[in-house]
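These are the residues of each chain, in order.
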Amino acid sequence: MLFSDYHTHPQGHRVQPYTRALLQPWVDSARQRGLSEIAFTDHDRYRNGIDFEEIDRLREANPDIKIRAGIELDNDPVHSTGGRKWVEEHWDQLDFVLGSVHFLDRPNEMFDSVPAGAEQFAGRDIDRLYENYFGRVREMAASGLVDCLAHIDLIKIHGHRPDADIRILAAETLAFIKSKGLAIELSTAGWRKPVNELYPSDPIIGLAIARGIPFTTASDAHSHVQLGENYERLAEKMRAAAIKEICTFERHEQQSRLL
Ligand SMILES: [Zn+2]
Ligand SMILES: [Zn+2]
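It should be emphasised that the depicted structure is a prediction, and the values quoted were computed from it without experimental measurement.

Draft legend 1. Fine view of the coordination of the zinc ion (ligand 1). Around the zinc ion (ligand 1), the protein contributes the donor atoms E72 (OE), H102 (NE2) and H151 (NE2), at 2.1 to 2.2 Å from the metal centre. Ordering the donors of the zinc ion (ligand 1) by residue number gives the pattern E-x29-H-x48-H. Take E72: its relative accessible area is 1%, and that puts it in the buried class.

See the structure below:
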């Protein structure tokens, strides 16, 4: 039974200050779905909505659910300079920081918006784009400001596949993540995108297992109704891959729990 969702967006895609009215439905939804642990990981550009005191009050009111304070730190060339500074300043109040690459060479446009982002792949050398993307993931892993890398093969979102073996394209990045002691997430969000595949793909999961990289479980929910989405399917996949441990974080301290 999967018990945790470590990638959620209570604010969705705009600043909505944390209040009980905003957050309680997420906790209720977690409880209904049999989850005992959730992390709030709004995008860093909405950091002004995050309120640690409100999270504390939510914890007091819901002692049966572990509620982790987190953020998704993007490689947003416009907003994430401030985001990195904010993470540094609030490091001790945060349990968990996700690192994400959503931008390639266009500073104002995420490549993973659907369908508009697909345009950034038109006429491009896909293998080169994959190399470029994984280089950015390594930069994020090197920042010293993240605990876990989100949707590590997001570059496949629109269905573009490299000619080269993905294991070769991803190998250096996974080795680097291991050397930094970071985790990666298993994200069901890929199943609701054009690629229709878990993040990451089976070959990358295999490499991560071989290297002993820990996994979090995640839905990347942008609404509380998406919490734990497709977790039965994910559990099946994890059984098939013989993944028996899930990793959680408290004040950035990584813990493993047997399933
Ligand atoms: Zn993301
Ligand atoms: Zn996200």
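The structure having been displayed, the exposition proceeds.
Draft legend 2. Representation of the sheet that holds strand 2 (residues 37–43) in the model. If you walk across this open sheet you meet the seven strands as 1-2-3-4-5-6-7, and the pairing is parallel. Where the open sheet ends on each side, the last strands, each with one partner, are strand 1 (4–5) and strand 7 (215–218). Sheet analysis places strand 4 (residues 96–99) next to strand 5 (residues 148–149), joined by two bridges and oriented parallel. Opposite L98, over in strand 5, you have C148 as the bridge partner. Most of the contacts of helix 3 (residues 80–90) go to strand 3 (residues 66–73), to which it runs at about 145°, and overall it touches strand 3 and strand 4.

Draft legend 3. Structural view of the coordination of the zinc ion (ligand 2). The zinc ion (ligand 2) binds to the protein through H7 (NE2), H9 (NE2), E72 (OE) and D220 (OD), with metal-donor distances spanning 2.0 to 2.4 Å. Metal-centred angles of 80 to 164° between the four donor atoms at the zinc ion (ligand 2) mark the site as irregular. In the primary sequence, the donor residues of the zinc ion (ligand 2) line up as H-x1-H-x62-E-x147-D. Between the zinc ion (ligand 2) and the zinc ion (ligand 1), a separation of 3.4 Å is found, and both are coordinated by E72. Taken together, the positions of H9 in the loop between strand 1 and helix 1 (20–32) and E72 in strand 3 put the pair 63 residues apart, joining distant regions of the chain. Judged by relative accessible area, H9 falls into the buried class, the value being 0%.

About the cut-offs
Residues numbered from 1 in each chain as written. Chains lettered and ligands numbered in written order. Predicted model: local features only at pLDDT ≥ 70, side-chain atom pairs only at ≥ 80, totals over all residues. Heavy atoms only, no water. Donors = N, O, S within 2.8 Å, 3.2 Å for Na, K, Ca; no water. Buried < 20%, exposed > 50% of the residue type's maximum accessible area, 1.4 Å probe, protein only. Pairing = 2+ DSSP bridges. Helix = DSSP H or I, 4+ residues; strand = E, 2+ residues; numbered from the N terminus. Contact = heavy atoms within 4.5 Å. Axes fitted to C-alpha atoms, helices over the stretch in contact; angles between N-to-C directions. Tetrahedral: all angles 85-135°; square planar, octahedral: opposite > 155°, others 65-115°.

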